[in-house]
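A structural walkthrough
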There are 2 protein chains.
Amino acid sequence: MRRQGPSSIPRVVVIGAGFGGLAAVRALRRADVEVILIDKRNHHLFQPLLYQVATAALSPADIAAPIRTVLRRQSNVRVILDEAVGIDRHERVVHLVSGREVGYDWLIVASGATHSYFGQDHWDRHAPGIKSIEDATAVRRKVLLALELAETEEDRQRRDALLTFVVIGGGPTGVEMAGAIAELAHRSVSSEFRSITPNCSKIILLNLAPRLLEGFPQQLSDAACRDLTRMGVDVRNSTAVEDLGEDWVVAGGEQIRAHTLIWAAGVKASDAARWLESSEDRSGRAFVDQFLHPDGDSRVFVVGDTAHCTGPDHRPLPGIAPVAKQQGRHAALSIMAMIRGRTMRPFRYRHYGNLATIGRSHAVVDFGWLRLRGIVAWLIWSTVHVFFLTNFRNRLIVGLNLAWNYLTFARHARLITGEAAPAVATIRAEFPASKGEDHVRAL
Amino acid sequence: MRRQGPSSIPRVVVIGAGFGGLAAVRALRRADVEVILIDKRNHHLFQPLLYQVATAALSPADIAAPIRTVLRRQSNVRVILDEAVGIDRHERVVHLVSGREVGYDWLIVASGATHSYFGQDHWDRHAPGIKSIEDATAVRRKVLLALELAETEEDRQRRDALLTFVVIGGGPTGVEMAGAIAELAHRSVSSEFRSITPNCSKIILLNLAPRLLEGFPQQLSDAACRDLTRMGVDVRNSTAVEDLGEDWVVAGGEQIRAHTLIWAAGVKASDAARWLESSEDRSGRAFVDQFLHPDGDSRVFVVGDTAHCTGPDHRPLPGIAPVAKQQGRHAALSIMAMIRGRTMRPFRYRHYGNLATIGRSHAVVDFGWLRLRGIVAWLIWSTVHVFFLTNFRNRLIVGLNLAWNYLTFARHARLITGEAAPAVATIRAEFPASKGEDHVRAL
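Below: a short report on this structure.

Quick notes on the rules
- Residues numbered from 1 in each chain as written.
- Chains lettered and ligands numbered in written order.
- Predicted model: local features only at pLDDT ≥ 70, side-chain atom pairs only at ≥ 80, totals over all residues.
- Helix = DSSP H or I, 4+ residues; strand = E, 2+ residues; numbered from the N terminus.
- Contact = placed C-beta atoms within 7 Å.
- Pairing = 2+ DSSP bridges.
- Axes fitted to C-alpha atoms, helices over the stretch in contact; angles between N-to-C directions.
- Buried ≥ 20, exposed ≤ 12 C-beta atoms within 10 Å, placed from the backbone.
- Expected span 1.5 Å × (residues − 1).
- Left-handed = near helix turned anticlockwise from the far one by under 90°.
- Core = buried A, V, L, I, M, F, W, Y, C linked by C-beta atoms within 7 Å.

**Focus on the environment of Gly 311 of chain B**
- In this fold, Gly 311 of chain B is placed in the loop between strand S21 (307–308) and helix H9 (321–339).
- Discounting residues that sit within four places of it in the chain, Gly 311 of chain B has contacts with Leu 317 and Tyr 349 of chain B.

Next up, the structure:
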């Protein structure tokens, strides 16, 4: 990126416009620096509500805002749609996929994480995870198409497979997905199909751990499990996935035939540690010190899901939005301190609480000093999520949508998009109609 | 489709859940018939507002409703996601792409239309039309990506090509697209980019006819042309497109370099005439008599964009929603009359008026007895469109969105989705950065 003339203003380059990157950029809004924000997407995504897109309750634009719009009043930032592919720390340059190079005085790496299939990368074709808008609409398409095909499928076994939804992973994402699919399959569509009834669908949640939501206290895990079971989800704890394919999964020694498999089990960090040639943990996160520097390099900060930063209990901090936001902001404040010749402070994470929702009007909330479940927890969950949505318009629309869906059980975004028709032909070929059953003559 | 036991209830099969098909199904809601509605999509699409999705003002789910939801209270209809590929009129059977067959007593064909490139089918790769949700999001992606790439492009010529948007076709769709792109490029994004300014963009409307909106009176055509020109659109009437490619178009003897070309020029009917082995006009529409039957076959009705039905002036009726709706309803009423042994009436189209909008707060309205333009016309246009949206929830949200966009110039759905990152690399490869310009060293 060419500098305009000789410049004495220091440049901060931020990679990634997720929670961490955006918090860093915003914290620099009054600093006398030039900020360059690089992201491979044009939008900031509110990932915690992505499962609502996957289950047709919200539209993509409800939970994603163009990065430029979010930052339009911050004049010291330049947003670039491009992708980092390498970092030269000696030359202080970021290499981009377009072939460009961007020099930096300080660098904040906030490039996030993606799914991990624990070495079984070929599983991603059959059991997609949910990290991007495209992931979410692909899952939405798969779930809705399964219901459509089941409506006209007359072979019992094939129909059961179409109506079996398996969610893999017992963390917040898995719990939220399973609850939302149960609602979609059991309630929202109940009056709209002629052949399938709400009781036809089977939702199975496979959890490797002995209990759901391991980050929560035992009593809230139990509550979540009870709530899900009451909603018709078959929760299977301590159950490892051994293998999976096109329309089946083997777990706990049993083969389950299921057309829809959804992965919510593991994450791995972006390639930041490799770019930095820095040491990384098993999930690919770069080890950082208490100032968020990798290898003590005071020009570079790594924040959020792509950083391995230990908390006071010597365990790595979890990959959640509050950690990323606080780290991004801390990196920005540290840079401002260095510019002013002041001392940096070490990063300290302030934990405010854990939230997870289990479908309509159920949630669990753990503030440490307060543990809640049920409708009150759900109201807190809704308020917090709508409040944190990045820009005001989205906040209003999502609030209206959530309220409307609550009142009507409606899921308005039930669109099967992306070449629906060929898919029908393809999937019909995989699940051909039984012979002689569908040939009809009129009167 | 298997019948359950011996049935004396006549079966009406409807192909297509657009305006025509849906109107037919609804008119049969109290009839003692079994209705089977076949569509290759799971959603009914409000096509008149599709250009608003293409220009990021509305989300797909705002203008599309699941067919099952629209018809959930009508118990005599069964919705099937499948695609017609043939009709056997002798056996009275519809063949579907899945290999199934559906027998009928009466058949209503309402399978719509798609783009026509007048024999230059390879143009569709470079100049996409807008008929489906996928078309609209692809155009949205292309337009937004062009702005993003222009922001960092330092070569003047390439930058100008990225910021040139050519709309081909001077009918309502072309006029609406050109107006909406002018707004997006000139106003909505003005404060969000650092390198490109509102005046950088060039919007060109190529119109084969001597004036815009040929279906309207001359004075309204002139008004539309003036409004568009004032919005910064370069309107070129009587200009034929001679050839086009990846990032250029030749029109009126001049070559224009433009990264974004949008096709709004011609339509051709679905394959219904071929399925029916019926005679068709130049656009592929099946000729129908005054009762909407092809070849006088009283078991079959063809309605909407796929029918060639002449009006009182002996010219074919236009491919617009009111014609399709009235014909769909007429076919349904004719079937009910036949069942009751009454005489069918010939179809008569009642024309209520023409509407077209030209961006924020401009529109033209022609009721015959009343011709309007400007803000009053725009208010009528908005009211009519929001009112006709199929289900109530969409009506509310679209109304709110239109009002919000009007007040703020915002275009909230500005998401580049569908593998954005690889696209950056690809398009960067097509438009490589100029040598030596982008290599920077930090201080």
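**Description of the sheet that holds strand S14 (residues 241–245) of chain A**
Residues and elements named next belong to chain A.
- Pairing is antiparallel across the open sheet formed by three strands, whose spatial order is S14-S15-S16. Each having just a single partner strand, S14 and strand S16 (254–257) make up the two edges of the open sheet. The sheet shows a mean angle of 15 degrees between the axes of neighbouring strands, direction not considered.
- Bridge count for S14 against strand S15 (residues 248–251) is four bridges, and the pairing is antiparallel. Pairing of Val 241 across the sheet is with Ala 251, part of S15.

**Here we look at unusual backbone geometry**
- Phi is positive for Glu 277 of chain A, close to 50 degrees, though the residue is something other than glycine.
- By C-beta crowding, Glu 277 of chain A is classed as partly exposed, having 13 other C-beta atoms within 10 Å.
- Positive phi outside glycine occurs at His 314 of chain B, with the angle close to 65 degrees.
- One can find His 314 of chain B in the loop between S21 and H9.

**Description of the pairing of strand S5 (residues 77–81) of chain A**
Residues and elements named next belong to chain A.
- Counting buried positions along S5 gives four out of five residues, so the element sits mostly inside the fold.
- Of the pairings in the sheet, the one linking strand S2 (residues 34–39) to S5 comprises five bridges and is parallel in character. Looking across to S5, one finds that Asp 39 is bridged to Leu 81.

**Points about helix H6 (residues 172–188) of chain B**
- With 17 residues, H6 of chain B should reach 24 Å at 1.5 Å per residue; the first-to-last C-alpha distance of 22 Å fits that figure.
- Summarising burial for H6 of chain B: 16 of the 17 residues are buried, a large majority.

**Observations concerning the sheet that holds strand S12 (residues 202–206) of chain A**
Residues and elements named next belong to chain A.
- Pairing in this open sheet of four strands is parallel, and the strands run S13-S12-S11-S17 from one edge to the other. Two strands in the sheet have a free side with no partner beyond their single neighbour: strand S13 (233–236) and strand S17 (260–263). Strand-to-strand, the axes of this sheet are offset by a mean angle of 15 degrees, without reference to chain direction.
- Sheet analysis places strand S11 (residues 164–168) next to S17, joined by four bridges and oriented parallel. Across the sheet, the residue bridging to Val 166 is Leu 261, located in S17.
- The sheet strands contacting helix H7 (residues 218–230) are S12 and S13, and the helix crosses S13 at an angle near 140 degrees.

**Details of the packing of helix H1 (residues 19–27) of chain A against helix H9 (residues 321–339) of chain A**
Residue and element names in this part refer to chain A.
- Between H1 and H9, the least distance of the axes is 7 Å, while the angle of their chain directions is 35 degrees. When the axes of H1 and H9 are compared, the crossing they make is right-handed. Within the contact between the two elements, H1 uses Phe 19, Gly 20, Gly 21, Ala 23, Ala 24 and Ala 27 and H9 uses Ala 321, Ala 324, Lys 325, Gln 327, Gly 328, Arg 329, Ala 331, Ala 332 and Leu 333.

**Description of the nonpolar core**
- Ile 168 and Ala 224 of chain A together with Ile 168, Ile 181 and Ala 224 of chain B are the most contacted members of the largest nonpolar core, which has 164 residues in total.
- Once you skip the residues sitting within four places of it in the chain, Ala 224 of chain A turns out to touch Val 175, Leu 212, Leu 213, Ala 356, Ile 358 and Val 364 of chain A.

**Re helix H1 (residues 19–27) of chain B**
- Along H1 of chain B, seven of the nine residues are buried, which leaves the element largely enclosed by surrounding structure.
- Every buried residue belonging to H1 of chain B is among Phe 19, Gly 20, Gly 21, Leu 22, Ala 23, Ala 24 and Val 25 of chain B, and all of these are buried.

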